[in-house]
Every structure is written in C-alpha cells, then in structure tokens.
Amino acid sequence: MDRRVFIKDLGKLGVAMVVVSACGTDRIGSSASTVAATTGSSVTGGPSSSAAPTTLPATTIGAPPTGLTTWERVRLGSVSAYVLARGGEATIVDTGVSGSAPAIGDSLGQIGLGWADVSHVVATHLHPDHIGSWADVMVAASGAAGYAGHADLPAISSPRPLSGLGDGDMVFELRVIATPGHTPGHISLLDESAGILVAGDSLNGTDGTGLTGANPQYTPDMATANESIAKMAGFDYSVVLVGHGDPVVENGSSLVGALVTG
Ligand SMILES: [Zn+2]
C-alpha cells in the first residue's frame, strides 16, 4: 500500500517523466530490455516483474513513472561509457577512447535526448580509455559541467575548467564514493534511489552475472583498491556498471560483498 502511495505521489512531479516514459517505449528490443527490467524492479522493490519487458504496459517500460534514473551503456570497443538519464536530463560517465563522441551522441538519441540535455560529464578516472573523448564530449555538450576525482583532475585536459569531486559529494543526485587504488583519484557514483553503482575500473564485469576486483595489471595500489571494494560493499544497489566487461543488473551489492577479502 505504501508503494502505491509513493508512486502516485511521484506521479505528480510532472510532464518530464511522461516524456521519458514515452522515450523509453522506443527502446524495446534494444539494450533497454535489461534497463526496463532493472529499473522496474527498483520501483516495485523486488524482482516481481514476471512479465517480459516487451509485454509490460508502455508506461512502465524504459523509465518508470517515478522519474528514477535509467541508464544506457555505450559500447566503445573494450571499454564502456554510460549515459544516466532522469527527467529529460542526462549525465555522461566516462567518454571512452578517442573518437567516441559520435557513439555517445547516438546513445543519447536512443533515449530521446541530445547533447543539449547533458548537464554533467563525469570521469571516473584519468586513464585514456575513459577520457579519450573528453574534449569532444565537453564541446558537444556545451552546457554541461565537467567533474573528476580531486587527485585525477589535474591530468585531464578540458576545454572548460573542471570541478573536483570527493567522498560524499553529490552530482545529479549521484553520491560520489571515492574508490582509489586503480588510480589515486578514482571515483564511483551511486544512485541510491535507483540502486545503480557506476564503478569505473574499481570493479570489472565478467559475463553479466559476475564481478571481479580491479585489474592488477593496471592497478598500481591493489591494497587500496581492495579497501575501496569493501567500501562499495557497504552500500545497497542492484546494478553495477563497469568500465570493462558486462554490467550486472541484479544482486550488485551482494556480488561486490563477495569480493571483500580479509
Ligand atoms: Zn582504468
């Protein structure tokens, strides 16, 4: 009963959500199928969506009527960037290798948004496969503010000044979790309402059902990286969006907790 009241009240929040829902209907059959299932379960509080995404009522596909965040993976070869959208507004997390801006723009288009709707661009860390298209994205998203973790920020050249982020900061209602180790200024982003963790390279995906820790080959401080995993395990989320490998869309915090050693 509480849930119904909750959804009903959120429904008063406005037309923007209706627009997002409508956009979401266009995504049936694409990668949005997992998005719909995931965000749907966030709304209902459990994996109770027995119907396949393609049979759900249009108003619940893609973006639920609550205005919860939806996400879009931008596949950029061996690395992924992500678009997080809510209420007709988008945040881009990471920018891939050089030349990735058109693909990111395509992903925005798939959810009915454009560069003008991008309010924030966040780098999880300074590695070139995550900031390779930083300048192009910042130019295309000309109204967006740019961010990176404090310690990584000086290494990122940007057409506009960037803001440094640290533990507990909030951007686009995303909680910043400082997750150093892979790089000193690595950050992850947590959408507490939608249950989505954007983990950058502090975690790696396998086949969509599993996670591993930071890649030792590219992580100079594994002890700190493992402390960061323990820190992330202390939060609650279903979805984990990773820089490499496939995201997981359920049991995220349990999977991260299972990686905690000692
Ligand atoms: Zn990296």
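Residues numbered from 1 in each chain as written. Predicted model: local features only at pLDDT ≥ 70, side-chain atom pairs only at ≥ 80, totals over all residues.

Undergrad: I would appreciate a short explanation of the pairing of strand S8 (residues 174-178) in the present structure.
TA: The side chains of a regular strand alternate, first on one face of the sheet and then on the other. Examined bridge by bridge, strand S7 (residues 170-171) and S8 share two bridges and lie antiparallel to one another. Residue Val 171 lies in a different strand from S8, and its bridge partner there is Leu 174. The hairpin turn running from S7 into S8, its antiparallel successor, is two residues long, and Phe 172 in that turn takes a positive phi close to 55°. (Pairing = 2+ DSSP bridges. Helix = DSSP H or I, 4+ residues; strand = E, 2+ residues; numbered from the N terminus.)

Undergrad: Is there a simple way to think about helix H4 (residues 101-110) in this case?
TA: Regarding H4, the residues found buried are Ala 101, Ile 104, Gly 105, Ser 107 and Leu 108. One side of H4 holds all its buried residues, which, seen down the axis, span an arc of 155°. Pointing more than 90 degrees away from the buried face of H4 are the exposed residues Pro 102 and Asp 106. Buried residues along H4 sit in contact with strand S1 (70-76), strand S2 (79-86), strand S3 (89-93) and helix H6 (134-140). Where H4 terminates, the next one or two residues include Gly 112, which has phi positive at roughly 75°. (Buried ≥ 20, exposed ≤ 12 C-beta atoms within 10 Å, placed from the backbone. Arc of directions from axis to C-beta. Contact = placed C-beta atoms within 7 Å.)

Undergrad: Just checking my understanding: could you explain the pairing of strand S9 (residues 187-191) for this structure?
TA: Most of S9 is tucked away: five of the five residues are buried. Because side chains alternate across S9, one face comprises the buried residues Ile 187, Leu 189 and Asp 191, and the other comprises Ser 188 and Leu 190, equally buried. As paired strands, S8 and S9 are joined by four bridges and run antiparallel to one another. By the bridge assignment for S9, Arg 175 is matched with Leu 190. By the bridge criterion, three bridges tie S9 to strand S10 (residues 196-200) in an arrangement that is antiparallel.

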